[in-house]
Amino acid sequence: MPIVRLRRIVRGAAFGAVATALIAVAAGDARSQQPAGTQELGIDAGATIALGGRSSVVINLPAARARMGFFMQSDSRWSWEPALGLSYVKVEGADGVLFYGLELGALRHFRPGADLREQGVSVSYLRPFIGVDGYTGSAGDNEVSVGAGFGVKIPWRQDLAWRLEANTGYGFDNRAWRLGAFAGLSFFTDRAIR
């Protein structure tokens with residue numbers, strides 16, 4: 001891996017860590033209605049259009065990624081959310097290739113998260129994120145990106161909600177703007193996963 005790419009990855013990871021820490025500190029003063037230990041487990045279908053150095057279109061059905069959200073104990077309007085997407089392709093006579101996408105986001109809900117479950121109302125959110133995606137193999141490559149999404153969680157059944165999001169981001173390696181969308185399902189639990 002060239003030293004320039006490594007520097008970009010380190011810079012991007014540092015930016016994400018600082019941003020996440022600032023969000024957590026800012027959220028620490030408010031009080032919550034959300035039960036302690038509430039988590040949001042979800043899976044999303046997705047589509048992304050990248051416009052730039054190497055333009056591309058990616059559509060993943062029925063699932064592009066799995067995610068796990070953790071609501072801040074001190075404020076039900078904030079949660080942090082890692083997400084992971086993996087895909088493996090092996091063609092006869094060639095090496096297998098693993099495609100991956102790792103992402104860390106922080107959701108700022110415009111209503112307390114408890115309103116979705118207790119009152120059955122939709123909750124909109126803003127989600128800044130940092131991610132790294134790429135593929136393995138002899139021509140393996142990866143890219144750090146940052147962006148933000150705007151979405152809504154729509155109650156469906158008790159502890160289940162639909163989640164729709166439009167997002168945009170910038171990939172530093174390809175110098176490409178990305179436009180994306182996710183449509184998924186979320187399950188809420190009050191028990192911490194150990």
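Computed from a predicted structure; not experimentally measured.

Visitor: I keep staring at the overall build of the protein chain and nothing clicks. Help me out?
Guide: When helices and strands are counted, the protein chain shows two helices and eight strands. Beginning at the N terminus, the succession of helices and strands in the protein chain can be written as α-β-β-β-β-α-β-β-β-β. Taking the intrachain contacts of the protein chain between residues at least 6 apart in sequence as the baseline, contacts between residues at least 24 apart amount to 58%. Accessible surface computed for the protein chain: about 11000 Å², of which carbon and sulfur atoms make up 63%.

Visitor: It is not clear to me how unusual backbone geometry should be interpreted in this structure. Could you clarify?
Guide: Outside of glycine, negative phi angles account for most residues, and trans bonds account for most peptide bonds. The residue after Leu 61, namely Pro 62, is reached through a cis peptide bond having omega -5°. Examined against the element boundaries, Pro 62 turns out to sit in strand S2 (residues 56–72). A positive phi angle is found at Asp 159, which is not glycine, with a value near 65°. Tracing the sequence through the fold places Asp 159 in the loop between strand S6 (141–157) and strand S7 (160–171).

Visitor: Got a minute to help me understand the pattern of salt bridges in this structure?
Guide: It is possible for side chains bearing opposite charge to pair when their charged atoms get close. A full pass over the atoms with the stated rule returns twelve salt bridges. With a shortest N-O distance of 3.3 Å, Glu 40 and Arg 67 are connected by a salt bridge. Taken as a pair, Glu 40 in strand S1 (residues 39–51) and Arg 67 in strand S2 lie far apart in primary sequence, 27 residues in all. Taking relative accessible area as the criterion, Glu 40 reaches 1% and is therefore assigned buried. A relative accessible area of 4% places Arg 67 in the buried class. When salt bridges that share partners are traced, they join Glu 40, Asp 44, Arg 65, Arg 67, Glu 81, Glu 103, Arg 127, Lys 153, Arg 163 and Glu 165 into one network.

Visitor: Before we go on, may I ask you to explain the side chain of Glu 40 in this structure?
Guide: A distance of 2.5 Å separates the side chain of Glu 40 from the side chain of Lys 153, its partner in a polar contact. A distance of 3.1 Å separates a polar atom in the side chain of Glu 40 from a polar atom in the side chain of Arg 163. Apart from residues lying up to four places away in sequence, Glu 40 is in contact with Arg 67, Met 68, Gly 69, Phe 71, Lys 153, Arg 163, Ser 186, Phe 187 and Phe 188.

Visitor: Explain the environment of Ile 49 to me, please; I cannot follow it from the model alone.
Guide: Here Ile 49 shows up in strand S1. Take Ile 49: its relative accessible area is 40%, and that puts it in the partly exposed class. In this structure the C-alpha to C-alpha distance between Ile 49 and Leu 179, which are 130 residues apart in sequence, comes to 5.3 Å. Other than its neighbours up to four places away in sequence, Ile 49 contacts Ser 56, Val 57, Trp 177, Arg 178 and Leu 179.

Visitor: When you look at the packing of aromatic side chains in this model, what are you seeing that I'm missing?
Guide: Here the distance between the centres and the angle between the planes together describe a pair of aromatic rings. Inspection of the entire model under this criterion finds six aromatic pairs. Considering the side-chain rings of Phe 110 and Phe 150, the 6.1 Å spacing of their centres and the 45° angle between planes classify their relative orientation as tilted. Pair noted here: Phe 110 is in the loop between strand S4 (97–109) and helix H2 (113–118) and Phe 150 is in strand S6, with a separation of 40 residues, a long-range link. Given a relative accessible area of 45%, Phe 110 falls into the partly exposed group. Judged by relative accessible area, Phe 150 falls into the partly exposed class, the value being 47%. Taken together, the ring pairs in this structure connect Tyr 170, Phe 172 and Trp 177 into an aromatic cluster. Above the face of the Phe 182 ring, Arg 65 is positioned so that its terminal group lies 4.0 Å from the ring centre.

Visitor: So what exactly am I meant to see when it comes to the pairing of strand S8 (residues 176–189) here?
Guide: Regular strands have side chains that alternate between both faces of the sheet. In the sheet, S1 pairs with S8 via 13 bridges, with the strands oriented antiparallel. Directly across from Ala 45, in S8, lies its bridge partner Ala 183. As defined by bridge partners, S7 adjoins S8 across twelve bridges and the pair is classed as antiparallel. Following the sheet pairing, Ala 161 is matched in S8 by Ser 186. Once S7 ends, the chain turns through four residues before running back antiparallel as S8, passing Arg 175 with a positive phi of about 50°.

What counts and what doesn't
Residues numbered from 1 in each chain as written. Predicted model: local features only at pLDDT ≥ 70, side-chain atom pairs only at ≥ 80, totals over all residues. Heavy atoms only, no water. Helix = DSSP H or I, 4+ residues; strand = E, 2+ residues; numbered from the N terminus. Contact = heavy atoms within 4.5 Å. Areas by Shrake-Rupley, 256 points an atom, 1.4 Å probe, with all protein chains shown as cover. Salt bridge = Lys/Arg side-chain N within 4 Å of Asp/Glu carboxyl O. Buried < 20%, exposed > 50% of the residue type's maximum accessible area, 1.4 Å probe, protein only. Polar contact = N/O pair within 3.5 Å; in protein donor to acceptor, adjacent residues only side chain to side chain. Phe/Tyr/Trp six-rings, centres within 6.5 Å; stacked < 30°, edge-to-face > 60°. Lys NZ or Arg CZ within 6 Å of the ring centre and 35° of its normal. Pairing = 2+ DSSP bridges.

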